[in-house]
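If you want the building blocks of each chain, they are given just below.
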Amino acid sequence: MADRLRKARIAAGYDSASAAARAYGWNAPAYTHHENGTRGITVEAAKRYARAFRVNPGWLLALDKVEVAPAEASRERIVEVTGSVAAGVWRETTEWPQSDRFEIVVGPSPFPNARRFGLRVDGHSMDQVFAPGTLLDCLSIFDLGIEPASGDLVIVERQRADGMRELTVKEFQRDDDGRTWLLPRSTKPEFQAPIEVGFPDTNHEDDGYVQVIAFVIGSYQPHASRLLRMAKNPIPE
């Protein structure tokens, strides 16, 4: 900034700092400090000098060299957490109200045109893979036209005859007979029974259906999810 101020003064026709200060009635020692770089130049001083020397005050302050960071991550990498997965919890709707939702910043999607959403893991039905509180980055299976393969981590929706729904995360497996199964990876015995895709399990014989609705493509373990809900702002990876 000091070098630019000196160049502006010379270009304006003043041979010395004191000459410029006298011409405009400025405090000579203060101006000299600014031109020598021994004191910082305030915005107001930069405006004053810029008017006198007919230059841009932003140029005097070297603002043209400042790299402005994006205000927020690309929208393609922001995922809204819309609900939770929890084995044994039945609800009329699996989505949270808008006031409870929040956003996280994730990696790029392998399928940019597929619907992407986040879910929070509640409970211990997959605690060998995802600790309670983990946030899952999910891609809708209906937008992909891709069938799950053994080992995929998937989001499963079950609906009972009364319309109540359960949303869980499971590991997909296909056996030698071609039958497909959803496997919990849990340390808790009550969550370790497999579920056959398309059929209710033995504990829920009144289920209307069981289906895979999304792939899990990533996960994030927050340490202050309460703050995320309060802030309603994306957080870095």
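This text gives an overview of the structure that appears in the document. Not measured: the values here are computed from a predicted model.

Things to note about the pairing of strand 4 (residues 135-140)
Here is step 1 of the chain: Counted residue by residue, strand 4 has six buried out of six residues, so it is predominantly covered.
Here is step 2 of the chain: Both faces of strand 4 are covered, namely the face carrying Leu135, Asp137 and Leu139 and the face carrying Leu136, Cys138 and Ser140.
Here is step 3 of the chain: Of the strand pairs in this sheet, strand 3 (residues 116-121) and strand 4 are connected by five bridges, and their pairing is antiparallel. Counterpart to Arg120 in the pairing with strand 4 is Leu135.

A look at the nonpolar core
Here is step 1 of the chain: With 16 residues, the main nonpolar core has Leu5, Trp26, Tyr31, Ile41, Tyr49, Phe53 and Leu60 as its most contacted residues.
Here is step 2 of the chain: Of all elements in the fold, only helix 1 (2-11), helix 2 (17-24) and helix 4 (43-53) reach the threshold of two or more residues within this core.
Here is step 3 of the chain: If you tally residues by element for this core, the top one is helix 4, at six residues.
Here is step 4 of the chain: Every residue in contact with Tyr49, bar those within four places of it in the chain, is listed here: Leu5, Trp26, Tyr31, His34, Ile41 and Leu60.
Here is step 5 of the chain: Core analysis: the next-biggest nonpolar cluster, separate from the first, contains 14 residues, Val85, Leu136, Leu167 and Ile213 among them.

As for helix 1
Here is step 1 of the chain: Among all positions of helix 1, only Ala2, Arg4, Leu5, Ala8 and Arg9 are buried. One face of helix 1 carries all of its buried residues, which in axial projection span an arc of 160°. In helix 1, the exposed residues that point more than 90 degrees away from the buried face are Lys7, Ile10 and Ala11.
Here is step 2 of the chain: Next to the buried residues of helix 1 lie helix 2, helix 3 (28-36), helix 4 and helix 5 (57-60).

Observations regarding the pattern of salt bridges
Here is step 1 of the chain: One pass over the structure, following the stated rule, counts 14 salt bridges.
Here is step 2 of the chain: We note a salt bridge from Glu166 to Arg158, for which the minimum N-O separation is 2.5 Å.
Here is step 3 of the chain: Residue classification places Arg158 among the buried positions, given a relative accessible area of 3%.
Here is step 4 of the chain: Linked by salt bridges that have partners in common, Glu80, Glu95, Arg101 and Arg115 make up one network.

Rules and cut-offs
Residues numbered from 1 in each chain as written. Predicted model: local features only at pLDDT ≥ 70, side-chain atom pairs only at ≥ 80, totals over all residues. Heavy atoms only, no water. Buried < 20%, exposed > 50% of the residue type's maximum accessible area, 1.4 Å probe, protein only. Helix = DSSP H or I, 4+ residues; strand = E, 2+ residues; numbered from the N terminus. Pairing = 2+ DSSP bridges. Core = buried A, V, L, I, M, F, W, Y, C linked by side-chain atoms within 4.5 Å. Contact = heavy atoms within 4.5 Å. Arc of directions from axis to C-beta. Salt bridge = Lys/Arg side-chain N within 4 Å of Asp/Glu carboxyl O.

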